[in-house]
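Structural overview
As a plain string of letters, each chain reads:
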Amino acid sequence: MHGIPVAVKDQFWTKGIRTTGATRILADFVPDEDATIISNLKRAGAVLLGKTNMTEFAMGAGFERFSPPRNPWHLDRRTGGSSGGSGAATAAFLCATSLGEDTGGSIRFPATWCGLVGHRPTWGLVSRYGVMTGVWSMDTAGPISRTVEDAAITLTAIAGHDERDPYTSSQPVPDFRAGLNGNLQGIRVGVITEQMDDESVAVDTRDAVLKALGVLGELGATVERVSIPLTAHGAILSQVPLVVEPALNMREWVRDRLQDYGHNNRIGLLTGSIFPAQAYYKAQKLRTMFRNQVHEAPGTIRRAGHSHIERGRPADRRGPDNNE
């Protein structure tokens, strides 16, 4: 990445550069060291152009500290959050690639809204040392880029084991760019039945997904229907940690500086502070059950090159010779 200009979310420590997390509480915070992913970028030769706007503490409750970033495609439209500044900067060609952080969609939302490629890496692939974290069990840093190749290059640079983050994977980091050869043989794509059959999904959205699945099949991937019943409880699985963990991590600030938070985050933090421990425990148990359902998800594996995913027509209902 020698000479490649990058922008990074103001959630990552940058040595000698103010890092605010878009909050009054850290308005004057200047780290004395870089976050590991910033060090990795510099080691790869990238050039840091500056820090990008975000929601307060990346909690996704609106851009209350600074003016909201504008969507370069239409200035009256939003960029999505919480990494909206990174999405805007990349879409406007102010940088070649950027970094965001994703808890419940904060990389993927800005990428989608700004016409970009946003990649949330596997949890533990990228170090979070020096990343202001609100939901430790979910936070993940990753690239927001204009192309898949750019995202692969960026991810290769920032990924890897870090002794200062014990949850990072010890597996060697592959060259993700080398895998972009158009051959998806051996790749299995699971399509969640409960999502595809949901009546609330817009028709054009479903059609776009089906079209994309067809392309994946043509490239050699195996596309299969899977059933994960607990997706119906997705809001509980994500929202409980999103309010409880920040309240625990910031309990001293919540007690002493609650008035310095934005209005929406004050509500969320107070909610998390009074959330019953027993209910949180049950939510975590449900989360474990969901994870197990993902790993144990059944599904009829179809021959590579064919996609048999249609609304209301699970793959296991079809005969072996039905190739419609």
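Look up a bit, the structure's there.
Conventions and cut-offs
- Residues numbered from 1 in each chain as written.
- Predicted model: local features only at pLDDT ≥ 70, side-chain atom pairs only at ≥ 80, totals over all residues.
- Heavy atoms only, no water.
- Core = buried A, V, L, I, M, F, W, Y, C linked by side-chain atoms within 4.5 Å.
- Buried < 20%, exposed > 50% of the residue type's maximum accessible area, 1.4 Å probe, protein only.
- Helix = DSSP H or I, 4+ residues; strand = E, 2+ residues; numbered from the N terminus.
- Contact = heavy atoms within 4.5 Å.
- Expected span 1.5 Å × (residues − 1).
- Arc of directions from axis to C-beta.
- Salt bridge = Lys/Arg side-chain N within 4 Å of Asp/Glu carboxyl O.
- Phe/Tyr/Trp six-rings, centres within 6.5 Å; stacked < 30°, edge-to-face > 60°.
- Lys NZ or Arg CZ within 6 Å of the ring centre and 35° of its normal.

1. Brief notes about the nonpolar core
In terms of nonpolar packing, the biggest core is built from 17 residues, with F12, I37, I38, L41, L99, V126 and I158 touching the most fellow members. Looking at this core, the elements with two or more residues in it are β1 (5-9), α1 (36-43) and α4 (148-158). Residues contacting L41, with those up to four places away along its chain left out, are M1, V6, V8, A46, L99 and I158. If you look at the next biggest cluster of nonpolar residues, it comprises 9 residues, including I25, F57, M132 and V254.

2. Points about helix α10 (residues 277-296)
Since the α-helix advances by 3.6 residues per turn, residues separated by three or four positions end up pointing in the same direction. Its 20 residues place the ends of α10 29 Å apart at the C-alpha level, agreeing with the 28 Å of an ideal helix rising 1.5 Å per residue. Three or more residues of α10 are buried, namely Y280, A283 and L286. Projected down its long axis, α10 shows its buried positions confined to an angular sector of 115°, all on one face. Facing away from the buried side of α10 by over 90 degrees, the exposed positions are A277, Q278, Y281, K282, H295 and E296. Taken together, the buried residues of α10 touch α7 (234-249).

3. Considering the pattern of salt bridges
Going through the model one piece at a time under the given rule, you end up with 13 salt bridges. Here E149 and R177 are joined by a salt bridge, their closest N and O atoms 2.7 Å apart. Separated by 28 residues along the polypeptide, E149 in helix α4 and R177 in the loop between α4 and β6 (188-192) bring together distant segments of the chain. Judged by its relative accessible area of 34%, E149 falls in the partly exposed class. Between D197 and R225 there is a salt bridge whose closest N-O contact spans 3.5 Å. Residue D197 is located in the loop between α5 (193-196) and α6 (203-218), and its partner R225 is located in strand β7 (residues 222-226); the two are separated by 28 residues in the primary sequence.

4. Considering the packing of aromatic side chains
For the structure on display, the rule yields 6 aromatic pairs. With 5.8 Å between their ring centres and 70° between their planes, W13 and Y129 make a pair best called edge-to-face. Separated by 116 residues along the polypeptide, W13 in the loop between β1 and α1 and Y129 in the loop between β4 (117-118) and β5 (140-145) bring together distant segments of the chain. With relative accessibility at 23%, the residue W13 sits in the partly exposed group. Judged by its relative accessible area of 23%, Y129 is partly exposed. Through a chain of ring-to-ring contacts, the aromatic side chains of W13, F29 and Y129 assemble into a single cluster. Above the face of the W136 ring, R128 is positioned so that its terminal group lies 3.8 Å from the ring centre.

5. Points about the environment of R266
When you line up the elements, R266 lands in helix α9 (residues 263-274). Residue classification places R266 among the partly exposed residues on the basis of a relative accessible area of 26%. Apart from the residues within four sequence positions on either side, R266 is in contact with L258, Q259 and Y261.

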